[in-house]
Amino acid sequence: MAKTLYQLLNLPESATAQQIHSAFKTVERLYTGRHDDASLASLARAREAFLILSDQQRRLAYDRKLAMAQAAADSANPPDRPRPIFQLAPRQAAVAAALVTAAGLWLYRDYQKTEQFAAAAEALLRQQESLAQQSRIEREQARIEAERSLRQQQIEDANRLAERQLANQQRALELLQSRVDAESRLDEQDIAAGRLEMQYRKPELALELQQQKQQYAAAQRQRALQQHDENIASINSLRAARIRAYDREHTTGEISRSNPALDP
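Since the structure is predicted, the reported quantities are computational estimates derived from the model, not experimental observations.

Reading the values: rules and limits
- Residues numbered from 1 in each chain as written.
- Predicted model: local features only at pLDDT ≥ 70, side-chain atom pairs only at ≥ 80, totals over all residues.
- Heavy atoms only, no water.
- Helix = DSSP H or I, 4+ residues; strand = E, 2+ residues; numbered from the N terminus.
- Buried < 20%, exposed > 50% of the residue type's maximum accessible area, 1.4 Å probe, protein only.
- Contact = heavy atoms within 4.5 Å.
- Areas by Shrake-Rupley, 256 points an atom, 1.4 Å probe, with all protein chains shown as cover.
- 1 Å grid on protein atoms, 1.4 Å probe; cavity = no way out; pocket = protein on both sides within 12 Å on 5 of 7 lines; lining within 4 Å.
- Points joined across faces, edges and corners; volume = space filled by probe spheres on them.
- Salt bridge = Lys/Arg side-chain N within 4 Å of Asp/Glu carboxyl O.
- Patch = residues over 30% accessible without salt bridge, like charges linked within 9 Å, V, L, I, M, F, W, Y side chains within 5 Å.
- Lys, Arg positive; Asp, Glu negative; His and termini not counted.
- Charge placed at Lys NZ, Arg CZ, Asp CG, Glu CD.

A. Focus on the overall build of the protein. The helix and strand tally for the protein stands at 6 helices and 0 strands. In sequence order, the protein lays out its α and β elements as α-α-α-α-α-α. Looking at the protein as a whole, 11% of its 264 residues are labelled buried. Considering only residue pairs separated by 6 or more positions, the protein has 56% of its internal contacts joining residues 24 or more positions apart. When the accessible surface of the protein is totalled, it reaches about 21700 Å², and 56% of it is carbon and sulfur.

B. Region of interest: the layout of surface pockets. Within this model, the largest pocket holds a volume of roughly 450 Å³. If you trace the largest pocket, you find 18 residues lining it, with Leu40, Leu43, Arg47, Glu129 and Arg136 closest to the centre. Only α2 (17-31), α3 (37-53) and α5 (90-200) provide two or more residues apiece to the lining of the largest pocket. With 6 residues, α3 is the single largest residue contributor to the lining of the largest pocket.

C. Fine view of the pattern of salt bridges. Counted under the stated rule, the structure contains 5 salt bridges. In this structure, arginine 143 and glutamate 140 form a salt bridge, with 2.2 Å as the shortest nitrogen-oxygen distance. Placement of the pair is arginine 143 and glutamate 140 together in helix α5, with a separation of 3 residues, close to one helical turn. Arginine 143 sits in the partly exposed class, given a relative accessible area of 38%. Among the ionic pairs, arginine 148 bridges to glutamate 145, the shortest N-O distance being 2.5 Å.

D. Region of the structure containing a negative patch on the surface. Together, Glu183, Asp187, Glu188 and Asp190 line one region of the surface with negative charge. The topology assignment puts glutamate 183 in helix α5.

The values are spatial; any link to function lies outside them.
Dropping the structure here:
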């Protein structure tokens, strides 16, 4: 036997509106995120049950339908019970049959309305799911478009920054080249001024050079004379030493083999 809408939400038939809402949220959390057919079908049936039971008119119609189905099942399988003590008269039986027939027709029409409500609810649910899917697709497309626009903006910003940096580097190179050219011109001017000054000072420098040469020659002559005097003093000292040695030898009676006065 198929489950009732109350059984799909694990609720008693006397459940309150708050209990119905809480039970549906519990079932929805249980099946959310699952993509298999059984989970999707269970979630769809739970949503259909919530749409019917959360509406008072639809719930009353469903309760009547459920009671009629239960009565039909009980009449199909009557329990064993003792025979009634009394029986209805034919007229009363006819009236009762007419009432039962009228009630059956009313219940059948109510059942049809309930089926129509259920079909409408299912169609509305499918429409809502389709709209939700379309909304998710649109949000995803909007997100992709926003990311693409952001990346494009970042690329354009990077290009503009690179162009500004390149322009700054170009200006820096031009300034550096201008500075180098200016320094080169100043150096050339300094060299020209130096050459001109050397040209003007050439006689003076030649005279200074001649004086330096003369001073150097005089210093050389002075050193040569000093060296000559030192040589003569050394020779005289050597001769004096030889004479003293001769005198010492002569006083001892030895015969000197040389004349120290004549030796150089």
